[in-house]
Amino acid sequence: MTRFARLMLFPAAAVALSLAAHCARARDRGPTVLPAPAADVPRAAKPGKETVVFAGGCFWGVQAVFQHVSGVIDATSGYSGGEAKTAQYELVSGGDTGHAESVRVTYDPSKVSYGQLLQVFFAVAHDPTQLNRQGPDEGTQYRSVIFYATPDQKRITEAYVAQLTQAKAFPARIVTQVVPLQAFYPAEAYHQNYATRHPHDPYIAFNDAPKVEHLHDLFPSLYRNP
């Protein structure tokens, strides 16, 4: 069932109360302060473009976070992990297409390192200990995945997961999948820049706006207004 369909099943007041309670729990936990990756690549000497695809729950919030990271050239909501013919929101929302709601992040490696993006992903963009869900959303389409595009990204990601696991940075096991990027399919136009265009949507206000606030608080040197 899609987020839109779920919201239509309940009175507005009940939805607001439910989301408010979820938000309160999230705020009580606060952002997770994580160490920087011990393994990383140095900043590039010249401007360029590299790409990675992150999946961690609803793509609205993940996109919003990375749009506020300095050095990110573009963040596009979409689908990855399944076939082209099923890369449609209504189908992906069924949870059986293999797709995860994802965000393709294109960045300038001379301005932000891959390791810094990883740290943001694990610290504020989502909770990597939630299996096949994220916050109020449930299903394999909301799983935690990093679709790496290069051998360096794979190496650094696996090393960082091991580092966080050894440090017991989270109270539960990290369930993030690390898999090669096969294809990325941009989502429908109405999903793009959703958090920016609908800041007063209760879902955005309660679930995603706090992530951007946490980015500002934890990574002030990386934060920017897009």
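For clarity, every value in this text was computed on a predicted model and none was experimentally measured.

A. Examining helix 3 (residues 59-67) more closely. In terms of residue burial, helix 3 counts as a mostly covered element, since nine of its nine residues are buried. Within helix 3 the residues assigned to the buried category are F59, W60, G61, V62, Q63, A64, V65, F66 and Q67.

B. Quick peek at the packing of helix 5 (residues 114-125) against helix 6 (residues 151-166). The geometry of helix 5 relative to helix 6 is characterised by a closest axis approach of 10 Å and an angle of 45 degrees between their N-to-C directions. Viewed along their axes, helix 5 and helix 6 adopt a mutual orientation that is oblique. In the packing of helix 5 onto helix 6, the handedness of the crossing is right-handed. Of the residues in helix 6, those in contact with Y114, L118, Q119 and F122 of helix 5 are Q153, I156, T157, Y160, V161 and L164.

C. Fine view of the packing of aromatic side chains. Applying the stated criterion to the full structure yields seven aromatic pairs. Both rings, one in F54 and one in F121, keep their centres 4.6 Å apart while their planes meet at 25 degrees; by these two values the pair is stacked. Placement of the pair is F54 in strand 1 (residues 50-56) and F121 in helix 5, with a sequence separation of 67 residues. Classification of F121 by relative accessible area gives buried; the value is 0%. On the basis of an interplanar angle of 55 degrees and a centroid distance of 5.7 Å, the ring pair of F59 and Y79 is categorised as tilted. Here Y79 lies in strand 2 (residues 72-80) and F59 lies in helix 3, a separation of 20 residues in the sequence. Residues F59 and Y79 agree in their burial class; the two are buried.

What counts, and at which threshold
- Residues numbered from 1 in each chain as written.
- Predicted model: local features only at pLDDT ≥ 70, side-chain atom pairs only at ≥ 80, totals over all residues.
- Heavy atoms only, no water.
- Buried < 20%, exposed > 50% of the residue type's maximum accessible area, 1.4 Å probe, protein only.
- Helix = DSSP H or I, 4+ residues; strand = E, 2+ residues; numbered from the N terminus.
- Axes fitted to C-alpha atoms, helices over the stretch in contact; angles between N-to-C directions.
- Parallel < 35°, antiparallel > 145°, perpendicular 65-115°, else oblique.
- Left-handed = near helix turned anticlockwise from the far one by under 90°.
- Contact = heavy atoms within 4.5 Å.
- Phe/Tyr/Trp six-rings, centres within 6.5 Å; stacked < 30°, edge-to-face > 60°.

Shape descriptors only; they carry no functional weight alone.
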